Amino acid sequence: MPEYDLVCDACGKSCEPLDALVSWTASGDAESAFALTHLAHAPSGSGQRVEVRKLVWPNEYLAFVNARFGKRIADPDALRGIVSALAPFVMRHDNPAEMDGMRAASFGAIPGVKPGTEAEARRPPEKKEEVEAGK
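Heads up: these notes are all about the structure in this document. All figures in this text were calculated on a predicted structure; none of them were measured in a lab. (Residues numbered from 1 in each chain as written. Predicted model: local features only at pLDDT ≥ 70, side-chain atom pairs only at ≥ 80, totals over all residues. Heavy atoms only, no water.)

### Points about the side chain of Ser-23
Thought 1: Position of Ser-23 among the secondary structure elements: in strand E3 (residues 20-27).
Thought 2: Not counting chain neighbours up to four residues away, the residues in contact with Ser-23 comprise Ala-33, Phe-34, Ala-35, Pro-43, Ser-46, Gln-48 and Arg-49. (Helix = DSSP H or I, 4+ residues; strand = E, 2+ residues; numbered from the N terminus. Contact = heavy atoms within 4.5 Å.)

### Digging into the pattern of salt bridges
Thought 1: On inspection of all chains with the given rule, the structure shows 4 salt bridges.
Thought 2: In this structure, Glu-51 engages Arg-53 in a salt bridge whose closest nitrogen and oxygen atoms are separated by 2.5 Å.
Thought 3: What makes Glu-51 partly exposed here is its relative accessible area of 31%.
Thought 4: The shortest N-O distance in the salt bridge between Arg-80 and Asp-77 comes to 2.5 Å. Of this pair, Arg-80 and Asp-77 are both found in helix H3 (residues 76-91), 3 residues apart, which corresponds to roughly one turn of the helix.
Thought 5: Arg-80 gets classed as partly exposed once you look at its relative accessible area, which sits at 49%. (Salt bridge = Lys/Arg side-chain N within 4 Å of Asp/Glu carboxyl O. Buried < 20%, exposed > 50% of the residue type's maximum accessible area, 1.4 Å probe, protein only.)

### Considering the pairing of E3
Looking along a regular strand, one sees the side chains alternate between the two faces of the sheet.
Thought 1: Where E3 meets strand E4 (residues 30-38), 7 bridges bridge the pair, whose relative direction is antiparallel. Following the sheet pairing, Ala-26 is matched in E4 by Glu-31.
Thought 2: Hairpin connection between E3 and E4: a loop of 2 residues separates the two successive antiparallel strands, and Gly-28 in this loop has a positive phi of roughly 65 degrees.
Thought 3: Note that E3 and strand E5 (residues 48-51) share 4 bridges and pair antiparallel. Bridge pairing in E5 links Val-22 to Val-50. (Pairing = 2+ DSSP bridges.)

### Description of the packing of helix H2 (residues 58-68) against H3
Thought 1: One way to put it is that H2 packs onto H3 with a least axis distance of 10 Å and a crossing angle of 160 degrees. In terms of orientation, H2 lies roughly antiparallel with respect to H3. In this structure, H2 meets H3 at a crossing whose hand is left-handed. Note on element contacts: H3 touches H2 through Leu-79, Val-83, Leu-86, Ala-87, Val-90 and Met-91, opposite Pro-58, Tyr-61, Phe-64, Val-65 and Arg-68.
Thought 2: For the contact of H2 with H3, the class distribution of residues is 10 nonpolar, no polar and 1 charged. (Axes fitted to C-alpha atoms, helices over the stretch in contact; angles between N-to-C directions. Parallel < 35°, antiparallel > 145°, perpendicular 65-115°, else oblique. Left-handed = near helix turned anticlockwise from the far one by under 90°. Nonpolar A, V, L, I, M, F, W, Y, C, P; charged D, E, K, R; others polar.)

### Looking at H2
Thought 1: Of all the positions in H2, only Tyr-61, Phe-64, Val-65 and Arg-68 are classed as buried. Considered in projection along H2, the buried side chains sweep an arc of 90 degrees and stay on one side of the axis.
Thought 2: At its buried positions, H2 is contacted by E3, E4, E5, helix H1 (52-55) and H3.
Thought 3: Just beyond H2, the residue with positive phi is Gly-70, at close to 85 degrees. (Arc of directions from axis to C-beta.)

Structure follows, in structure tokens:
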């Protein structure tokens, strides 16, 4: 498997950072059931979620890891696997994700999506008024 592949815990297939999610459950100072999945395969019982497209930014990655310090982790191997899987994306010397994220955030958009086109794609098609010509 290539160095920069993320594997979905639900289906076992490779997933891109733009289509991946880390989810877990939290109860007080205890956290459990960490999973790295496609957005569509996210466990329904997980109350906490963060998109991987954000976790590949160095500052977000560090914030995620730092937030786990001091928590009781029921299954630390699952969290350890997720942190290790994300590290190559964050530590790359040519990490384009952070710059794309900052550019997109300045427009209020998603990285890789041209600003303004996402809103157009979600808008229902306008009904055009028919005009009879020649009268």
